[in-house]
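Structural features, examined
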Amino acid sequence: MGADAAEGPPSGAEQALQAAFDAAVAADERIEPRDWMPEAYRASLVRQIAQHAHSEIIGMQPEANWITRAPSLRRKAILMAKVQDEAGHGLYLYGAAETLGAGRDELLDKLHTGRQKYSSIFNYPTLTWADVGAIGWLVDGAAITNQVPLCRCSYGPYARAMVRICKEESFHQRQGYELLLALSRGTEAQRAMAQDAVNRWWWPSLMMFGPPDDESPHSARSMAWKIKRHSNDELRQRFVDICVPQAEALGLTLPDPDLRWNEERGHWDFGAIDWQEFRDVLKGNGPCNEQRLSQRRRAHENGAWVREAAAAHAAKQAARRAAAQPPGQPSGQAARPTETARS
Ligand code: BYC
């Protein structure tokens, strides 16, 4: 239990633990599950990792919407692999949260009852095939910009999960870019469809980075703990700077008349974000909030028999292992064959 969760002033031992934790963070060392950590650090990680895991699995829905209507076998195979990758990302992240004592059932229950958030971006509909490209290019692109620094997060299991996730996201981003490139070089109708998708996904993608820095309650502490390495606005700016030349190469425009290169800052200036829209989506009033959550609850209920079967199988395996144990062997310790036993 962390010093800040205890009642009264921290004891000498707790002060020493806190000092060791602070020194490890300052030295850029990783905090591991068995290390002592302040309760607020643990809780903040659970909050962020859970929201991240929920986003990955809810994020499967908008793109899965197009699997049956992909325009070719090649596109269908790519899209199926991508959607499956997102499920895998969810699993790594729920696994990382479990190392902090947060069970998967508990977290899923919080998602299903609206007590934990998932990314605002997945409350927008995928209206055309080009949306699959726009999600890959912009949404996965924003995700990579946000998540590459998380590979250096101070909490070991989260940082390690992010390494693999970022590699896969990088493939996702390129397939989206390639899909949009094919459309923008296609017929006039295909080019218009690509442009329309970019117009609809651009602003919500900028909102993925979270509220502006002066309205972000968690940023300062998360950055001091080296969970986050950059502020929301810094990463948003980095993303805009990356996207402008890419849009030009795609032959598409970004729907912002205020986009202008600022020589002095060495960055692209961009227009005002509609933060009211962001707040509305977070409150549950986005175009697809209800649909996403009800589909997620339905999938969970429909999967109950799979979880029961997996648990029954695991129990049967454990019982078999226990029955095969030689008498006197302490339970939980696998009976290993020795050299003599094998010969
Ligand atoms: N949507 O103080 P702040 C993906 C919440 S999945 C919803 O700045 P923080 C992908 C925030 O949680 C993309 N909520 O918070 C998957 C907090 O609420 P609570 C998901 C948002 O944590 C499939 C409140 O607003 N990526 O990549 O310092 C296919 C105040 O915000 C949003 C991650 O989760 C939002 N956009 O910074 C394709 C990455 N923004 O908890 C792609 C990991 C903020 O007080 N997470 N909120 O109720 C992070 O890096 C950080 O948590 C954030 C927010 C930058 C998102």
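The paragraphs below set out a description of the structure included in this document.

1. Observations regarding the site of the ligand
Lining the immediate surroundings of the ligand are 32 residues, of which Q51, K117, S216, H218 and K228 lie closest. In the model, a nitrogen atom of the ligand is placed 3.5 Å from a nitrogen or oxygen of the Q48 side chain. Residue N232 places a side-chain N or O atom 2.8 Å away from an oxygen atom belonging to the ligand. In the complex, the protein chains occlude 92% of the 1,000 Å² of accessible area that the ligand would expose alone. Within the residue set of the shell around the ligand, elements represented by two or more residues are α2 (39-58), α6 (130-147), α7 (156-184) and α11 (275-285). Looking at the shell around the ligand, the element that brings in the most residues is α2, giving 6 residues. When the residues that make up the shell around the ligand are grouped by side-chain class, the tally is 12 nonpolar, 13 polar and 7 charged.

2. Considerations on the packing of aromatic side chains
Tallied over the entire structure, the rule returns 10 aromatic pairs. Relative to Y177, the ring of W137 has its centre 6.4 Å away and its plane inclined at 70°; by these criteria the two rings are edge-to-face. In this pair, W137 is assigned in helix α6 and Y177 in helix α7, connecting sequence segments 40 residues apart. The buried category is assigned to W137, whose relative accessible area is 1%. Note on W275 and F278: the rings are 5.3 Å apart at their centroids and 85° apart in plane angle, and the pair reads as edge-to-face. Residue W275 and its partner F278 are located together in helix α11, separated by 3 residues, close to a single helical turn. Like W275, the residue F278 is buried in the burial classification.

3. Concerning the side chain of H112
You can see H112 is positioned in helix α5 (residues 104-112). A polar contact of 3.0 Å, which involves the side chain of H112, links it to the side chain of R296. With near-sequence residues (within four places) excluded, H112 lies in contact with L293, R296, R297 and H300.

4. Observations regarding helix α10 (residues 232-250)
Structural remark: α-helix, 3.6 residues per turn; residues separated by three or four positions point the same way. An ideal rise of 1.5 Å per residue puts 27 Å on 19 residues; α10 measures up with 26 Å between its terminal C-alpha atoms. Of all the positions in α10, only N232, L235, R236, Q237, F239, V240, D241, C243, V244, A247 and L250 are classed as buried. Elements that come into contact with the buried residues of α10 comprise α6, α7, α8 (188-207), α9 (219-224), β2 (267-269) and α11. In the segment just after α10, G251 is the residue with positive phi, at about 80°.

Conventions and cut-offs
- Residues numbered from 1 in each chain as written.
- Predicted model: local features only at pLDDT ≥ 70, side-chain atom pairs only at ≥ 80, totals over all residues.
- Heavy atoms only, no water.
- Near = heavy atom within 4 Å.
- Polar contact = N/O pair within 3.5 Å; in protein donor to acceptor, adjacent residues only side chain to side chain.
- Areas by Shrake-Rupley, 256 points an atom, 1.4 Å probe, with all protein chains shown as cover.
- Helix = DSSP H or I, 4+ residues; strand = E, 2+ residues; numbered from the N terminus.
- Nonpolar A, V, L, I, M, F, W, Y, C, P; charged D, E, K, R; others polar.
- Phe/Tyr/Trp six-rings, centres within 6.5 Å; stacked < 30°, edge-to-face > 60°.
- Buried < 20%, exposed > 50% of the residue type's maximum accessible area, 1.4 Å probe, protein only.
- Contact = heavy atoms within 4.5 Å.
- Expected span 1.5 Å × (residues − 1).

Geometry only, nothing functional implied.
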